[in-house]
Amino acid sequence: MASKFGLAGGIPERRVRPIWDAVDSRQFKNALKLCTALLSKYPNSPYALALKALTLERMGRNEEALSVCLNAKEILCTSDPNVFVDDLTLSTLQIVFQRLDHLGMATSCYEHSCAKYPNNLELMIGLFNCYVREYSFVKQQQIAIKMYKTAGEERFLLWAVCSIQLQVCCGNGGDKLFQLAEGLLKKHITSHGLHEPEALSVYISLLEQQGKYGDALEILSGSLGSLMLIEVDKLRLQGRLLARAGDYAAAADIFQKVLELCPDDWESLLQYLGCLLEDDSILIKETDPVHTLKSIQSKNLHLSDELFDSRMSSAVRFVQKLMETNSNSERCPYLAHLEIDRRKLLFGKGDADKVVEDLIQYFIRFGHLSCFTSDVEMVLEVLDTNKKSEFFKKLVKENEASSTDVPTKELGKSITVFKVQNLIGDVFALPVAELEDIAVRMIEMFCKNVPLSKELDAQESMYGEELLSMACNVLVQLFWRTRDLGYLLESIMILEFGLTIRRYVWQYKILLVHLYTYWNSLPLAYERYKSLDVKNILLETVSHHILPQMLVSPLWADLNDLLKDYLKFMDDHFRESADLTFLAYRHRNYSKVIEFVQFKERLQCSGQYIMAKIESPILQLKQNSNNITEEESILESLRCGTHFMELSNEIRSKSLTFNEDLKLRPWWTPTYDKNYLLGPFEGVSYCPRENMHNQMKQTESNVLKTVEKRFLLPRMIYLSMYSASTSVKGSIEANGSVVDPKFSSEQKMLLERYAKFLEFPFQDAIELVLGVSSGQKPFEVPNSDIIDWMNFAVFLNAWNLSSHEISFPDGKDSPSTTWNLVNTLLRKYVLDKIESAGPIISSPGGDLPLLVQLITEPLAWHALVIHSCIRSLHPSGKKKKKGGPVDQSNSQLSNELLNSIQSLCDTIEVVSKWLKEQLKKPSDEKFEYIFSSVEKSGPGKVFKTLEICVEQMKGVELGDRILESLHSWAPADVVRNISVGQDGLLSEFLKICELKIKSLQALRLQL
């Protein structure tokens, strides 16, 4: 059975090699011709069939490929002893089965082969690989133990131990499984010892997970500890184990040794201080050093004053020693001094004046570094407002007094002063004129220092380029205060100027994405987002800058591309992550095995991924809402919405993960559902750092609620169309058939669930929409909830067509009355939004996204219900019978449908008229309106400064690249692009409205 020399899958290699060469060079037709010739000579060879299947799959002929694979599988799984079986044949079949989403078939081939040749290690490894791909942790463990018993190799035992760990960490296994894994390792150590450093890491992690810190320390200090070759890594592990065991004194001594070897190890320094103060927060594992720093806020009140003083004195002496024995370039010892000051203040034993002085000394030494502000942020937070102000005044004085021969250091310190001013919150209390002066100084400083970057490559960061981002933030705050568009335009101008000088600055692009979106120029925002060239895992962490805005926009083609790229990356990653996991097994990197599996599970539970999965088919439904046949086809591919209902039930049993990097978002929109610019200026009470945690929790809660609501949509649309169609059939068919009661009861259950999302009991929600439509009840809800209420009303009408359960106060309990209810609500809210909307050019942050949603969702679903009724009233190919009983019994319904169509057409016409009014304004007039906002007093100061600086720089030696960029800078183009972007957005929306009107008019003709 084993492969023989010169044979591949039982076939001479010289016959097989040309096929692989043809496949690798993408000459698939030639490869298929060679496969056919090979099969004529070896008609029952599984390997020859596998090669043909592989070629067919690469040609996109998936059904033929699957048929050939199944033929090969059938031959392999026979009891014929002459059938040649080897790993090459099975692995080739596995590739094809996996690409065709039939991995279970490949697994069954390997299982049969392993049963046929029970001691073949190569086949068992292949079967283990199949189980890795299926994430079958128990089966992985079983086959790994079998391999260990067969070969006695340490790696197979570790494969089994990793599989056990995965059962507990990522499966449903209990902690008792750790004892099994520990027992297996102990038995192996007794008889064979351990020979790999990774094996030791696995053993210690097992003991740690069981809380056996003493045993782990004993192993580490014994003969097995020699497997860990890097001494400082061994010490870090030892210190952590001692701290977890509660032996803080011994742990502190160990971390001292670590710091003596690596004096710039900040994490170890924090652990050292934590051990001295017996602070449990050091046991919190954080991957981000900033978060590690922020997590350590304990006041350590359980220590006595004497013990606290003694241990802090010991820490001061040790840190002083580190300062004396190491170079001045290492920040950690000096930062440790500040951290000790901070701990003292938290404990109530510190001296705030000394802290201020130490901060100044730290500024003198490291103030030129861009990380200075984040270094001292936590220290500043423990100072009161007066001390912060005192520190800032001393900082400014020190910066003005200091001089250096290195211009870049001088620039760095000046930038740090601006950053600290923003950090302590002084900026929000300053008058408008002073804020303008700050922005002007930032622009002047940037332009003055541009020559420092003349020798840099275009892809290298320029000196001081963060000044433009900081100036933008100041100008946006000025806009928030004054609502003067000039400041908003200036903030965009300086960022576009920065990109003209160097087009690779992602910080500028992200700010522009949000500014353009806010100013209703979403096509321009999307252009800036695309220029970020977001790929791979960044699609998961960065897409939140544009995706939420695109989901409520009329830019359907761009949104489709965005969703397609994101979902393709995620789905490809889920397919390929198993390959990475198996590679980690093969390369004996067992910690990565668990990391890869956990990472894949984290991505599968991503809130953004789950949202994209439902928004993609909803987008298809919106795009095809004018074509009921296409709509039914889409719903059929979604199993009439039941697929998402099942997913919805799964989600409720899982915890969603949120992987978005929110730290990159601008201050005015800390999360994708919060924008301070949409509300009034909050003054000094605004403090994003303090509100951020609560805002993130609220956002996560909102996402879960939104996902569940959206998951209901496809099913509710299907049931509404079915209910409308069959209720009409029930009224016109001679046998009197009515809608299936199961569907009606399901529809009611979903409406009750939807009402629960709106935080209303079902009957109360019905009474509210009835009262609002008749003008008897007020309806004040956030804009984000209006769409949900409109959807509820649409689906309520569809359900009532067959259930007849809604009774109206005036006694009109016929189902047709609910048509008027939906028409009235839709008209009311569309007209309200149109009346309150100003010109789009002068109304950033308006209700345009809400208008788009009203037309493309509830109104579109209502039109589908109408279309379903009309199609059932007048089936194609059947002529109307004038004056007959059918016509008489449905005349009232026909009138309701006509009225509904007219109401929807009138409503959309209002929107179309408003859009056309916006679009017909001459481009020169729009240009003049926008550009004039920076040519008056107030706003414009920064823009004028920029113009002066640009002219001055043209006479300075800047290098060819920068000088050429300066000459290409055209502020007028920025303004024109904003106007063109706004028109592009409106034009796309107008197309949607016009198509919808055309579709409704065609329906009216059928009546």
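Please read these numbers as outputs of a predicted model, since none were measured by experiment. (Residues numbered from 1 in each chain as written. Predicted model: local features only at pLDDT ≥ 70, side-chain atom pairs only at ≥ 80, totals over all residues. Heavy atoms only, no water.)

**Student:** Hey, could you go over the overall build of the protein for me, with residue numbers and the actual values?
**Tutor:** Helix and strand counts for the protein stand at 47 helices and 2 strands. Its C-alpha atoms give the protein principal-axis dimensions of roughly 105 × 95 × 60 Å. Across the 1007 residues in the protein, those meeting the buried criterion constitute 53%. Restricting to contacts in the protein with at least 6 residues of sequence separation, those with at least 24 account for 73%. About 44,700 Å² of surface is accessible on the protein, with carbon and sulfur atoms providing 50% of the total. Across the protein, the mean location of the 113 positive side-chain charges is 5 Å away from that of the 130 negative side-chain charges. (Helix = DSSP H or I, 4+ residues; strand = E, 2+ residues; numbered from the N terminus. Buried < 20%, exposed > 50% of the residue type's maximum accessible area, 1.4 Å probe, protein only. Contact = heavy atoms within 4.5 Å. Areas by Shrake-Rupley, 256 points an atom, 1.4 Å probe, with all protein chains shown as cover. Lys, Arg positive; Asp, Glu negative; His and termini not counted. Charge placed at Lys NZ, Arg CZ, Asp CG, Glu CD.)

**Student:** With reference to specific residues and values, describe a negative patch on the surface.
**Tutor:** A cluster of acidic residues, Glu455, Glu957, Asp960 and Glu964, forms a negative patch at the surface. Among the secondary structure elements, glutamate 957 is positioned in the loop between helix H45 (941-953) and helix H46 (960-968). Taking the relative accessible area as the measure of exposure, glutamate 957 reaches 54% and is therefore exposed. (Patch = residues over 30% accessible without salt bridge, like charges linked within 9 Å, V, L, I, M, F, W, Y side chains within 5 Å. Salt bridge = Lys/Arg side-chain N within 4 Å of Asp/Glu carboxyl O.)

**Student:** Provide a residue-level description of the environment of serine 370, including the pertinent values.
**Tutor:** Following the sequence through the fold, serine 370 ends up in the loop between helix H19 (352-366) and helix H20 (372-381). Sequence-wise, serine 370 and isoleucine 443 are 73 residues apart; in three dimensions their C-alpha atoms are separated by 18 Å. Discounting chain neighbours no more than four positions away, the residues touching serine 370 are Lys419 and Glu466.

**Student:** Outline the nonpolar core, listing residues and values.
**Tutor:** Grouped together as the largest cluster of nonpolar side chains are 193 residues, with contacts concentrated most on Phe497 and Phe792. If sequence neighbours within four positions are ignored, phenylalanine 497 has contacts with Phe446, Cys447, Leu468, Leu946, Val950, Met953, Leu966 and Trp969. (Core = buried A, V, L, I, M, F, W, Y, C linked by side-chain atoms within 4.5 Å.)

**Student:** How would you sum up a nonpolar patch on the surface? Please name residues and give values.
**Tutor:** Judged by side-chain polarity, Ile537, Leu538 and Phe599 come together as a nonpolar surface patch covering roughly 230 Å² of accessible area. Here leucine 538 shows up in helix H28 (residues 538-542).

**Student:** Can you lay out the packing of aromatic side chains for me, pointing to particular residues and giving the numbers?
**Tutor:** Tallied over the full model, the rule gives 30 aromatic pairs. Their ring planes at 85 degrees and their centres at 5.2 Å tell us that phenylalanine 156 and tryptophan 159 sit as a pair that is edge-to-face. Pair noted here: phenylalanine 156 and tryptophan 159 are both in helix H9 (residues 154-169), with a separation of 3 residues, about one helical turn. For phenylalanine 156, a relative accessible area of 0% corresponds to the buried category. Measuring from ring centre to ring centre gives 5.1 Å for tyrosine 362 and phenylalanine 366, while their planes differ by 50 degrees; the resulting arrangement is tilted. With tyrosine 362 and phenylalanine 366 both in helix H19, this residue pair falls 4 residues apart, about one helical turn. When sorted by exposure, tyrosine 362 lands in the same class as phenylalanine 366, which is buried. Members of the aromatic cluster, each reached through a chain of ring pairs, are Phe128, Phe156, Trp159, Phe582 and Tyr585. Across the ring face of tyrosine 829, the terminal group of lysine 828 is positioned such that the distance to the ring centre comes to 5.3 Å. Above the face of the phenylalanine 927 ring, arginine 976 is positioned so that its terminal group lies 4.9 Å from the ring centre. (Phe/Tyr/Trp six-rings, centres within 6.5 Å; stacked < 30°, edge-to-face > 60°. Lys NZ or Arg CZ within 6 Å of the ring centre and 35° of its normal.)

**Student:** Quick rundown of helix H8 (residues 137-151)? Include the residues and the values.
**Tutor:** One full turn of an α-helix is made of 3.6 residues, so residues set three or four places apart face in the same direction. Its 15 residues place the ends of H8 21 Å apart at the C-alpha level, agreeing with the 21 Å of an ideal helix rising 1.5 Å per residue. Within H8, the full set of buried residues consists of Phe137, Gln140, Gln141, Ile143, Ala144, Ile145, Met147 and Tyr148. The inward-facing, buried residues of H8 contact helix H7 (121-134), H9, helix H10 (176-192), helix H30 (556-586) and helix H31 (590-604). Downstream of H8 by a residue or two, glycine 152 has a phi angle that is positive, lying close to 70 degrees. (Expected span 1.5 Å × (residues − 1).)

**Student:** Go over the packing of helix H38 (residues 783-803) against helix H40 (residues 848-856) with me, naming the residues and quoting the values.
**Tutor:** Packing of H38 against H40 leaves a shortest axis separation of 10 Å and a crossing angle of 5 degrees. Accordingly, the angle class assigned to the pair H38 and H40 is roughly parallel. Across from Asn783, Ile786, Ile787 and Met790 in H38, the residues of H40 making contact are Leu850, Gln853 and Leu854. Split by residue class, the contact of H38 with H40 holds 5 nonpolar, 2 polar and no charged. (Axes fitted to C-alpha atoms, helices over the stretch in contact; angles between N-to-C directions. Parallel < 35°, antiparallel > 145°, perpendicular 65-115°, else oblique. Nonpolar A, V, L, I, M, F, W, Y, C, P; charged D, E, K, R; others polar.)

**Student:** Describe in detail the side chain of glutamine 549, supporting the description with residues and values.
**Tutor:** Along the chain, glutamine 549 turns up in helix H29 (residues 547-551). Residues contacting glutamine 549, with those up to four places away along its chain left out, are His514, Thr517, Leu522 and His544.

**Student:** So what's going on with the pattern of salt bridges? Residues and values would help.
**Tutor:** If you walk through the whole model with that rule in mind, you get 51 salt bridges. Where aspartate 533 meets lysine 535, a salt bridge forms, and the shortest distance between an N and an O atom there is 3.6 Å. Overall, aspartate 533 belongs to the partly exposed group, its relative accessible area being 47%. The closest approach of N and O atoms between lysine 568 and aspartate 572, which form a salt bridge, is 2.8 Å. Of this pair, lysine 568 and aspartate 572 both sit in helix H30, 4 residues apart, roughly one helical turn. When its relative accessible area of 18% is taken as the criterion, aspartate 572 is described as buried. It is possible to trace a salt-bridge network through shared partners that takes in Asp279, Glu339, Arg342 and Arg343.

**Student:** Requested: an account of the confidence of the model for the protein, with residues and values cited.
**Tutor:** Parts of the prediction with low pLDDT should not have their coordinates interpreted in detail. Averaged over every residue, the pLDDT of the protein is 87; the share at 70 or more is 92%. Averaged over each element, pLDDT in the protein is lowest for helix H16 (residues 289-295) (38) and highest for helix H27 (residues 522-531) (97). Overall, residues 1-6 carries pLDDT values under 50, and its contacts beyond four positions in sequence, including any with other chains, amount to 12 contacts. Counting interchain partners and residues more than four positions distant, the pLDDT-below-50 stretch residues 286-296 has 19 contacts. (pLDDT = per-residue confidence, 0-100.)

**Student:** Give a detailed account of helix H24 (residues 466-482), specifying residues and quantitative values.
**Tutor:** In a regular helix each residue adds 1.5 Å, so 17 residues correspond to 24 Å; H24 covers 25 Å between its end C-alpha atoms and thus fits that length. When you tally the buried positions in H24, you get 13 out of 17 residues, the bulk of the element. Positioned one or two residues after H24, arginine 483 has a phi angle of 60 degrees, which is positive.

**Student:** For unusual backbone geometry, give the residues involved together with the corresponding values.
**Tutor:** For asparagine 536, which is not glycine, the phi torsion reads 50 degrees and is therefore positive. Tracing the backbone shows asparagine 536 in the loop between H27 and H28. Residue glutamate 759 is not a glycine yet carries a positive backbone phi of 65 degrees. Here glutamate 759 is to be found in the loop between helix H36 (741-757) and helix H37 (762-773). The class for glutamate 759 is exposed, based on a relative accessible area of 65%.

**Student:** With reference to specific residues and values, describe the packing of helix H12 (residues 213-221) against helix H13 (residues 231-244).
**Tutor:** The description of two packed helices rests on the angle between their axes and on the distance between the axes. Between H12 and H13, the shortest axis-to-axis distance is 9 Å and the interhelical angle comes to 155 degrees. In terms of axis orientation, H12 runs roughly antiparallel to H13. Classified by chirality, the crossing of H13 by H12 is left-handed. Of the residues in H13, those in contact with Tyr213, Ala216, Leu217 and Leu220 of H12 are Lys234, Leu237, Gln238, Leu241, Leu242 and Arg244. Looking at the contact of H12 with H13, its residues break down into 7 nonpolar, 1 polar and 2 charged. (Left-handed = near helix turned anticlockwise from the far one by under 90°.)

**Student:** Quick one: what's the story with the environment of leucine 873, residue by residue and with numbers?
**Tutor:** Its location among the elements puts leucine 873 in helix H41 (residues 858-873). The class for leucine 873 is buried, based on a relative accessible area of 10%. For leucine 873 and arginine 317, which are 556 residues apart along the polypeptide, the C-alpha to C-alpha distance reads 91 Å.

**Student:** Report on the state of the cysteines, specifying residues and quantitative values.
**Tutor:** If you walk through the whole model with that rule in mind, you get 0 disulfides. Cysteine cysteine 332 remains unbridged, with the sulfur of cysteine 262 as its closest cysteine sulfur at 10 Å. A relative accessible area of 3% means that cysteine 332 is categorised as buried. The closest cysteine sulfur to the non-disulfide-bonded cysteine 869 is located on cysteine 905, 16 Å from its own sulfur. Of the residues examined, cysteine 869 reaches a relative accessible area of 1% and is grouped as buried. (Disulfide = S-S within 2.5 Å.)

**Student:** Outline the environment of serine 987, supporting the account with residue identities and numerical values.
**Tutor:** Locating serine 987 in the fold gives a position in helix H47 (residues 971-1006). In this structure the C-alpha to C-alpha distance between serine 987 and tryptophan 20, which are 967 residues apart in sequence, comes to 52 Å.

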